[in-house]
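Here's the letter readout for the chains.
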Amino acid sequence: MTTDTMSGRIRTLIVDDEPLARDCVRLALERQEDVTVIGECADGASAVDAIRAQDPDLVFLDVQMPGLDGFGVIERIGAESMPPVLFVTAYDKHALRAFAVHALDFLLKPFDDDRFRDALEHARRHLSTEGRLGMRDALAGLLESRQGAARHARRIMVQEQERIRFVPVETVDWFEADRNYVLLHCGKDVFRVRMTLTSLQAELDPSRFIRVHRSTVLNLDRIREVQPWFGGDYVALLKDDQQVRVSRRFREGLLKVTH
């Protein structure tokens, strides 16, 4: 940990394009006896320069910035060289889900004092050599998942008699295996495409679609709540009140990304 040699304080950089958000983080940090704010950056490009020049111990990093966003900053620096990060973001369900999958902490704007203290304490645990190695692995996994997302299917081609329809994946509530076919449940509409559920799942973004049963892949954005069912199974209640069974085999994975 490269703390201030005179005071032993954690040298911290704040990166956010919103002045008010930077003020909130700085004021909260000023109440911490072991923290020194060494700089503030309003965009990703200047953050890259500051991280390379000043080598902070900890970075409060906004996710959503114009131009180079928070993920772009990490890509420029490299996960192996990036200091421990505490992400700061307005609500972005896909980013939050990715953080949960890779066990990375974040502050959701606006945050209260209790949540700030909890997140900062979590960040402090990453300042040891062992903690930094774990953080680097987590950041590398996050970048890898984002790079893979660019290759994920956005539409599925469905043959309908004499015409072809392209169904956007975000409109599908869930995918259901039907022997050599997959059924696409889109509200009241059901489309049928000839392929296996396993091959289809390989084309979908795993941060948005998850296997909940050997015959079912569910759109996480459609879930309203998850409830216990019979025999250790669960049931996912969708926003339009449809119910999708979640088997014991897959329930832990679903609960991990929905809580």
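Residues numbered from 1 in each chain as written. Predicted model: local features only at pLDDT ≥ 70, side-chain atom pairs only at ≥ 80, totals over all residues. Heavy atoms only, no water.

Draft legend 1. Representation of unusual backbone geometry in the model. In this structure, the amide linkage connecting Lys 109 to the following residue, Pro 110, adopts the cis form with an omega of -15°. The backbone of Asp 55 shows a phi angle near 45°, a positive value even though the residue is not glycine. According to the relative accessible area criterion, Asp 55 is partly exposed, its value standing at 35%. Notably, Arg 179 is not glycine yet its phi reads approximately 55°, a positive angle. Here Arg 179 lies in the loop between strand 8 (174-178) and strand 9 (181-186). By relative accessible area, which is 77% here, Arg 179 ends up exposed. (Buried < 20%, exposed > 50% of the residue type's maximum accessible area, 1.4 Å probe, protein only. Helix = DSSP H or I, 4+ residues; strand = E, 2+ residues; numbered from the N terminus.)

Draft legend 2. Focus on the sheet that holds strand 14 (residues 234-238). Here three strands make up an open sheet; going across it, the order is 13-14-15 and the pairing antiparallel. What marks the edges here is a single partner per strand, and that holds for strand 13 (223-228) and strand 15 (243-246). Between one strand and the next, the sheet's axes are offset by a mean angle of 25°, whatever the strand orientation. Both strand 14 and strand 15 contribute to a ladder of four bridges, which runs antiparallel. (Pairing = 2+ DSSP bridges. Axes fitted to C-alpha atoms, helices over the stretch in contact; angles between N-to-C directions.)

Draft legend 3. Spotlight on helix 5 (residues 113-124). Taking 1.5 Å of rise per residue, 12 residues should cover 16 Å, and helix 5 covers 16 Å from first to last C-alpha, within 8% of that figure. What helix 5 keeps buried is the set Phe 116, Ala 119, Leu 120 and Ala 123. Along helix 5, the residues classed as buried sweep out an arc of 100° about the axis, all on the same side. Residues of helix 5 that are buried sit in contact with helix 1 (19-30), strand 3 (58-62), strand 4 (85-89) and strand 5 (106-108). Capping the start of helix 5 is the job of one residue whose side-chain oxygen sits 3.3 Å from the backbone nitrogen of Asp 114: Asp 112. (Expected span 1.5 Å × (residues − 1). Arc of directions from axis to C-beta. Contact = heavy atoms within 4.5 Å. Polar contact = N/O pair within 3.5 Å; in protein donor to acceptor, adjacent residues only side chain to side chain.)

Draft legend 4. Region of interest: the nonpolar core. Judged by nonpolar contacts, the single largest core of 31 residues is most densely connected at Leu 61, Val 73, Met 82, Phe 87, Phe 99 and Leu 139. Looking at this core, the elements with two or more residues in it are strand 1 (10-15), helix 2 (44-54), strand 3, helix 3 (70-77), strand 4, helix 4 (93-101) and helix 6 (129-149). Beyond its immediate stretch of four places on either side in the chain, Leu 61 contacts Val 15, Gly 70, Val 73, Ile 74, Met 82, Val 85, Leu 86, Phe 87 and Val 88. Core analysis: the second largest hydrophobic core is formed by 17 residues, Ile 156, Val 158, Val 182 and Leu 184 among them. (Core = buried A, V, L, I, M, F, W, Y, C linked by side-chain atoms within 4.5 Å.)

Draft legend 5. Expanded view of the environment of His 152. Along the chain, His 152 turns up in the loop between helix 6 and strand 6 (155-160). Taking the C-alpha atoms as reference points, His 152 and Leu 218, separated by 66 residues in sequence, lie 16 Å from one another.

Draft legend 6. Expanded view of the side chain of Thr 89. Note that Thr 89 resides in strand 4. On the accessibility criterion, Thr 89 (0% relative accessible area) is buried. Beyond its immediate stretch of four places on either side in the chain, Thr 89 contacts Asp 62, Val 63, Gln 64, Leu 96, Leu 107, Leu 108 and Lys 109.

Draft legend 7. View of the sheet that holds strand 4. Ordered in space as 2-1-3-4-5, the five strands form an open sheet in which the pairing is parallel. At either end of the open sheet lies a strand with only one pairing partner, and these are strand 2 (35-41) and strand 5. Between one strand axis and the next, the sheet turns by 20° as a mean value, whatever way the strands run. Bridging between strand 4 and strand 5 involves three bridges; their strand directions are parallel. In the sheet register, Val 88 faces strand 5, and the bridge partner there is Leu 107. Docked against the sheet, helix 1 engages strand 1, strand 2 and strand 3, running at close to 170° with respect to strand 2. Lying over the sheet, helix 2 contacts strand 1, strand 2 and strand 3, oriented at roughly 165° with respect to strand 1.

Draft legend 8. Region of interest: the pattern of salt bridges. Within this structure, the stated rule accounts for 22 salt bridges. For Asp 113, the salt bridge is made with Arg 31, and the minimal N-O distance between the two is 3.3 Å. Taken together, the residues span a long stretch of sequence, with Asp 113 in helix 5 and Arg 31 in the loop between helix 1 and strand 2 at a distance of 82 residues. Ionic pairing is found between Glu 225 and Arg 224, a salt bridge with its closest N-O pair at 3.7 Å. Given a relative accessible area of 32%, Glu 225 falls into the partly exposed group. Residue class for Arg 224 comes out partly exposed when judged on its relative accessible area of 42%. Residues participating in the shared-partner salt-bridge network are Arg 22, Asp 23, Arg 26, Glu 30 and Glu 40. (Salt bridge = Lys/Arg side-chain N within 4 Å of Asp/Glu carboxyl O.)

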